[in-house]
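Spelled out from the first residue to the last, the chains are:
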Amino acid sequence: MRIGIVGVGTVGSGVIEIIEERQELWKNQGINLEIVALAAKSMDELVGFEGKDYKLCTDVNEIIADPSIDVFVELVGGYELPKQWIKTALENGKHVVTANKALIAKHGAELFPLAKEKSLQILFEAAVGGGIPIIRTLQEGMTGNTVEHLSCIINGTCNYILSRMTREGISYPDVLAEAQKLGYAEADPTFDVEGIDSAHKLAILASLSSGTFVDFEKIHVSGISQISATDIEFAQEFGCVIKLLGIYSRQGDRVDARVHACFVPEDHLLASINGVLNGVYLEGDNLGPALQTGAGAGKLPTASAVVADLAFLARSQNRIPIPMDCFNENNTADLVPINELKTRYYFRFTTKDARGVLASITSILSKNEISIESIVQKNVKDPHKVSVVVITEKVLESNVAQALREIDALEAVTEPSRTIRFL
Ligand code: NDP
Ligand code: HSE
């Protein structure tokens, strides 16, 4: 199987390293992979690959147009350019392997029908969960199940940030800079910290699980940039850790899919998944609960998933392609609107140290049918910054939104309220 790769950055260089190291070993296992060509933005990036019998180029079309290449491997990232490259590669009869979750989530519904028409495959194991084989698990391993529920940590950068803030008290900007240095973060790290990367990945998992197209732009998303050391300390007081989760569940004919930070009880399986590790907790109707965990980002873990796709193609050239009708706009999921959600909440209000503030807050909560499970007021070095924390019983999201608008308008409330849902 002759391979052309575009993008020799973190993941691309890892893929080349693994193939070069294992190529000979694989020949006895029916996996015959040969790197033919590499493309980068400039020849400078390709200097390290000189003298290796690879065609080196700065024009991706030299790979896409080469009839001797069987598989086009896209490891650049972004939405529009890769879409055009992949469409042309499919038109030219090439299978595609990519780690680009943004592309699959945004343009999958255009690309998979084209691949089907051409009897070609687009494989994307590395797009969700880094090195964890969660895509093949959902496509093949769960065939005897309906996936009823998923709760997943699917952004390594955010998990790394939250874990280090929790365990070592390191500040948010410092840990983010480290995650970037380690090659975990996206080119634009707001994709990570604002939950967009997790939404791309959840849209893919939810589409595969529901068999219907879940449009990532319709998923409720909020990230971790507003989570403070104070919230982390309160979570610990309530026996929880804070995680950014993608959550999917089937609700009758509808699909609940959302990404946001959660209070996760310390004894939940996901609570102990720390650092760059990702974790996908799922429930199948026949399997029951299961957990997959492993490195969710980084050079070699991610590259190993790309290589698994290449090996799969090399071993199964005459196999019927996996049907991907869940990426089709004629088969769109009906999403449950976020304001219909019922769950428990953590609220943190910042108020003046004034008589009657607590009474005003609790009366607004009560008027909006929000039952309080516990309430804590913490003092008080600064009389303008008293933290009032409320944990609610299960309440309706639309009521929460209304109550918070009213509370934030109180004269005694000095900062916008913070809210985190419970898992
Ligand atoms: P990098 O930025 O490390 O690598 C991308 C490479 O592509 C860079 O060398 C970049 O060059 C090059 N490039 C940019 N534009 C072009 C172009 N027009 N033609 C040829 N080369 C180009 O990114 P990663 O390796 O981290 O990520 C690659 C993909 O893998 C992304 O889709 C990402 O989301 C995904 N991914 C990454 C993971 C990780 O842990 N890093 C994990 C899972 C998925 P330059 O730097 O000069 O712009
Ligand atoms: N930026 C992503 C993360 C890379 O941190 O999880 C893996 O998809």
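Residues numbered from 1 in each chain as written. Chains lettered and ligands numbered in written order. Predicted model: local features only at pLDDT ≥ 70, side-chain atom pairs only at ≥ 80, totals over all residues. Heavy atoms only, no water.

## Observations regarding unusual backbone geometry
The test is simple: Only DSSP runs of H or I reaching four residues or more are called helices, and only runs of E reaching two or more are called strands; each is numbered from the N terminus. Think of it in three bands: with a 1.4 Å probe and only protein chains considered, a residue is buried below 20% of the maximum accessible area for its type, exposed above 50%, and partly exposed in between.
Positive phi, close to 70°, is recorded for Asp53, a residue that is not glycine. Inspection of the secondary structure assignment puts Asp53 in the loop between strand 2 (34-39) and strand 3 (55-57). Phi is positive for Glu369, which is not a glycine, with a value near 60°. With a relative accessible area of 62%, Glu369 lands in the exposed category.

## Quick look at helix 6 (residues 156-168)
Going by this rule: Expected helix span is taken as 1.5 Å per residue step, with the number of steps being one fewer than the number of residues. In what follows, a contact means two residues having at least one pair of non-hydrogen atoms within 4.5 Å. For the purposes of these results, a polar contact is taken to be a pair of N or O atoms within 3.5 Å, where, inside protein, one atom must be able to donate a hydrogen and its partner to accept one; residues adjacent in sequence count only when each atom of the pair is a side-chain atom.
Its 13 residues place the ends of helix 6 17 Å apart at the C-alpha level, agreeing with the 18 Å of an ideal helix rising 1.5 Å per residue. Here helix 6 lies mainly inside the structure; ten of its 13 residues are buried. Of all the residues in helix 6, the buried ones are Gly156, Thr157, Cys158, Asn159, Tyr160, Ile161, Leu162, Ser163, Arg164 and Met165. Along its buried surface, helix 6 packs onto strand 7 (147-153), helix 7 (172-181), helix 8 (190-193), helix 10 (229-237), strand 9 (240-251) and strand 11 (277-284). The backbone nitrogen of Thr157 has a side-chain oxygen 3.2 Å away, supplied by the residue at the start of helix 6, namely Asn155. In the stretch just after helix 6, Gly169 is the one whose phi turns positive, near 65°.

## Focus on the site of ligand 1
Heads up, the condition is: Proximity is defined per residue: if any heavy atom of the residue lies within 4 Å of a molecule or strand, that residue is considered near it. Polar here means any residue other than Ala, Val, Leu, Ile, Met, Phe, Trp, Tyr, Cys and Pro, which are nonpolar, and Asp, Glu, Lys and Arg, which are charged; Gly is therefore polar.
Among the 22 residues in the neighbourhood of ligand 1, the closest are listed as Val11, Lys41, Glu45, Glu186 and Gly298. Between Thr10 and ligand 1, the recorded distance is 2.9 Å, taken from a backbone N or O atom to an oxygen atom. The separation between an oxygen atom of ligand 1 and a polar main-chain atom of Gly298 is 2.7 Å. Looking at the shell around ligand 1, the elements that each hand over two or more residues are helix 1 (10-27) and helix 3 (80-91). In the shell around ligand 1, the residues fall into ten nonpolar, eight polar and four charged.

## Considering the sheet that holds strand 1 (residues 2-6)
Here is the rule: Two strands qualify as a pair provided DSSP detects at least 2 bridges between them. As a rule, the C-alpha atoms of each element are fitted with a line to give its axis, helices using only the stretch in contact, and angles between N-to-C directions run from 0 to 180 degrees.
Strand order in the open sheet made by the six strands is 3-2-1-4-5-6, with parallel pairing throughout. Each edge of the open sheet is held by one strand with a lone partner, namely strand 3 and strand 6 (122-123). The pairing of strand 2 with strand 3 spans three bridges and is classified as parallel. Note on strand 3: the bridge partner recorded for Ala37 is Lys55. Packing of helix 1 onto the sheet brings it into contact with strand 1 and strand 2, and relative to strand 2 it is tilted by some 160°.

## A short note on the packing of aromatic side chains
As a reminder of what qualifies: Pairing of aromatic rings covers Phe, Tyr and Trp, the last counted by its six-membered ring, and requires centre-to-centre distances within 6.5 Å; plane angles under 30 degrees mean stacked, over 60 mean edge-to-face, and any other angle means tilted. Both a distance and an angle decide whether a charge sits over a ring: NZ of Lys or CZ of Arg must be within 6 Å of the ring centre and within 35 degrees of the ring normal.
Applying the stated criterion across every chain yields a total of ten aromatic pairs. Considering the side-chain rings of Phe234 and Tyr346, the 6.4 Å spacing of their centres and the 50° angle between planes classify their relative orientation as tilted. One end of the pair, Phe234, is in helix 10; the other, Tyr346, is in strand 14 (residues 345-351), with 112 residues separating them in the sequence. Note on accessibility: Phe234 and Tyr346 belong to one class, buried. Between the aromatic rings of Phe263 and Phe422, the centroid separation amounts to 5.0 Å while the plane-to-plane angle is 55°, which identifies the pairing as tilted. Note that Phe263 is positioned in strand 10 (residues 254-265) and Phe422 in strand 18 (residues 413-422), a separation of 159 residues in sequence. Comparing Phe263 with Phe422 shows no difference in burial state: the two are buried. Ring pairing ties together the aromatic residues Phe234, Phe263, Tyr346 and Phe422, which thus form one cluster. Positioned above the aromatic ring of Phe312 is the side chain of Arg136, whose terminal nitrogen or guanidinium carbon lies 4.3 Å from the ring centre. Here the guanidinium or amino end of Arg344 rests over the ring plane of Phe422, the centre of that ring lying 4.1 Å away.

## Describing helix 4 (residues 101-117)
Worth spelling out the cut-off: The bend reported for a residue corresponds to the angle between axes fitted to the seven residues ending at that residue and the seven starting there.
His107 marks the point of greatest bend in helix 4, at about 85°. Here helix 4 lies mainly inside the structure; twelve of its 17 residues are buried. All of the buried residues along helix 4 are Lys101, Ala102, Leu103, Ile104, Ala105, His107, Gly108, Ala109, Leu111, Phe112, Leu114 and Ala115. At the N-terminal end of helix 4, a side-chain oxygen is found 3.3 Å from the backbone nitrogen of Ala102, two or three residues along, and the residue is Asn100. Two residues or fewer past helix 4, Ser119 is found with a positive phi of approximately 55°.

## A word on the pattern of salt bridges
To keep it simple, the criterion reads: Definition used for salt bridges: Asp or Glu carboxyl oxygen within 4 Å of a side-chain nitrogen of Lys or Arg.
Summed over the entire model, instances satisfying the criterion amount to 28 salt bridges. Linking Asp231 and Arg348 is a salt bridge whose minimum nitrogen-to-oxygen distance equals 2.7 Å. Here Arg348 lies in strand 14 and Asp231 lies in helix 10, a separation of 117 residues in the sequence. One salt bridge in this structure joins Glu340 and Arg254, with 2.8 Å as the shortest N-O distance. With a gap of 86 residues between them, Glu340 in the loop between helix 11 (299-315) and strand 13 (342-343) and Arg254 in strand 10 connect regions that are remote in the sequence. Accessibility expressed as a relative area gives 28% for Arg254, which makes it partly exposed. Where salt bridges share partners, they join Glu80, Lys83, Lys87 and Glu110 into one cluster.

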